[in-house]
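Here is what each chain is made of, one letter per residue.
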Amino acid sequence: MRKNFSFFIINLLIFTLFFPQTTFGLTIHQQQALDRVNYYRNKTETPLLSPSYLLNQSANAHANYILTNKDNPDLNGIGTHNEKEGMTGFVGATPSDRALFFGYKNSVVEEIHFLADPTASVDDLINSVFHRFPLIHPDAIDFGYGIGPSIGTIDVFEIGFLDINKSNKIVVYPVPNQNNVPIFFDGREIPDPLPNTNYPVGYPITATFSTSEEINISEAEIKDSNGQTVDSIFLGNTSSSYMFNSVAIIPRKPIRNSETYTVNI
């Protein structure tokens, strides 16, 4: 009995080496990406995303397209989120077109990073402004990830939305009583949420609303433990098309370690 059990384990290891899949047919990198996004969604008490085989296909295809055409000068003219018909690996002009090509019919938001490290990429996106919103948006339901072939470094995230504005939930980040919050934001984000600003600034605090109503903010402030107001910049939900019905309040200077801040919006 022990001999047969050992034989089974050996064969299982061989299978894993040649087919690096986890449960539900996800690759190791896809599972890592999904787990990291859902780590933040769990922290914000937002419904977890489900893995989508269709969005994984779309993400992989676009990652391959970007890396295959990385030396093509036409790539710079259309941006990393778009594809140009006639170029190698073309699937669809926009993220929604590509998702639909593989059979995914819901709305899609795409995020791209260039680390080829799903966990580090998610962390970096969360620590930004605009790119944080889709990952923890309360109306997001599905998720796909593509890392591309071994000829370059890229991370493509596809986030699927079903019924926009269905949950009537407000998602804030950092969450109440969160510890070890980064003290600064270095501004390495495209597009720049704070053009003509001297970086680094303080860590962004955001609130995302699941509603089609216009959000009117009457007051937004940060105070330290002594009750002193922190000089900050406020971004309203209509200040940019990248705001995803969210607001952000960002200290003009890095915040202090070992300090407690109170945010009122």
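Residues numbered from 1 in each chain as written. Predicted model: local features only at pLDDT ≥ 70, side-chain atom pairs only at ≥ 80, totals over all residues. Heavy atoms only, no water.

Engineer: Now, about helix α6 (residues 118-126): what can you tell me, with residues and values included?
Structural biologist: Pro118, Ser121, Val122, Asp123, Leu125 and Ile126 are the residues of α6 that are buried. Against the buried residues of α6 lie α2 (28-43), β2 (107-113), α7 (132-136), β3 (140-146), β4 (155-161) and β5 (170-173). Measuring from the backbone nitrogen of Thr119 back to the side-chain oxygen at the start of α6 gives 3.2 Å, which picks out Asp117 as the cap. (Buried < 20%, exposed > 50% of the residue type's maximum accessible area, 1.4 Å probe, protein only. Helix = DSSP H or I, 4+ residues; strand = E, 2+ residues; numbered from the N terminus. Contact = heavy atoms within 4.5 Å. Polar contact = N/O pair within 3.5 Å; in protein donor to acceptor, adjacent residues only side chain to side chain.)

Engineer: So, the pairing of β2: which residues are in play, and what are the values?
Structural biologist: Of all 7 residues in β2, 6 are buried, a share of seventy percent or more. As paired strands, β2 and β4 are joined by 7 bridges and run antiparallel to one another. For Val108, the partnering residue across the bridge sits in β4 and is Gly160. (Pairing = 2+ DSSP bridges.)

Engineer: An account of the pairing of strand β6 (residues 205-209) is requested, with residue identities and associated values reported.
Structural biologist: Counting buried positions along β6 yields 5 of 5 residues, so the element is predominantly enclosed. Of the two faces of β6, the one holding Ile205, Ala207 and Phe209 and the one holding Thr206 and Thr208 are both buried throughout. Across 4 bridges, the pairing between β5 and β6 is antiparallel. Considered in β6, the bridge of Ile170 is made with Phe209. Taken together, the 4 bridges between β6 and strand β9 (residues 246-251) define a ladder with antiparallel strand orientation. Its bridge partner being in β9, Thr206 is matched across the sheet by Ala248.

Engineer: Give a detailed account of the environment of Gly187, specifying residues and quantitative values.
Structural biologist: In this fold, Gly187 is placed in the loop between β5 and β6. Along the sequence, Gly187 and Pro200 sit 13 residues apart, while their C-alpha atoms lie 6.6 Å from each other.

Engineer: Please provide a residue-by-residue account of the environment of Ser239, values included.
Structural biologist: Considering the arrangement of structural elements, one finds Ser239 in the loop between β8 (232-235) and β9. As for Ser239 and Pro193, which are separated by 46 residues in sequence, their C-alpha atoms are 9.5 Å apart. At a separation of 2.8 Å, a polar atom in the side chain of Ser239 contacts the main-chain carbonyl oxygen of Gly236.

Engineer: Please provide a residue-by-residue account of the environment of Asp224, values included.
Structural biologist: By secondary structure assignment, the location of Asp224 is in the loop between β7 (221-223) and β8. Accessibility expressed as a relative area gives 10% for Asp224, which makes it buried. The spacing of Asp224 and Thr260 is 36 residues in sequence and 6.1 Å in space, taken between C-alpha atoms. The residues contacting Asp224, other than those within four sequence positions of it, are Val230, Arg256, Glu259, Thr260 and Tyr261. For Asp224, the side chain forms a polar contact with the main-chain nitrogen of Asn226, separated by 2.9 Å. In terms of polar contacts, Asp224 uses its side chain to reach the side chain of Arg256, at 3.4 Å.

Structural measurements only, silent on function.
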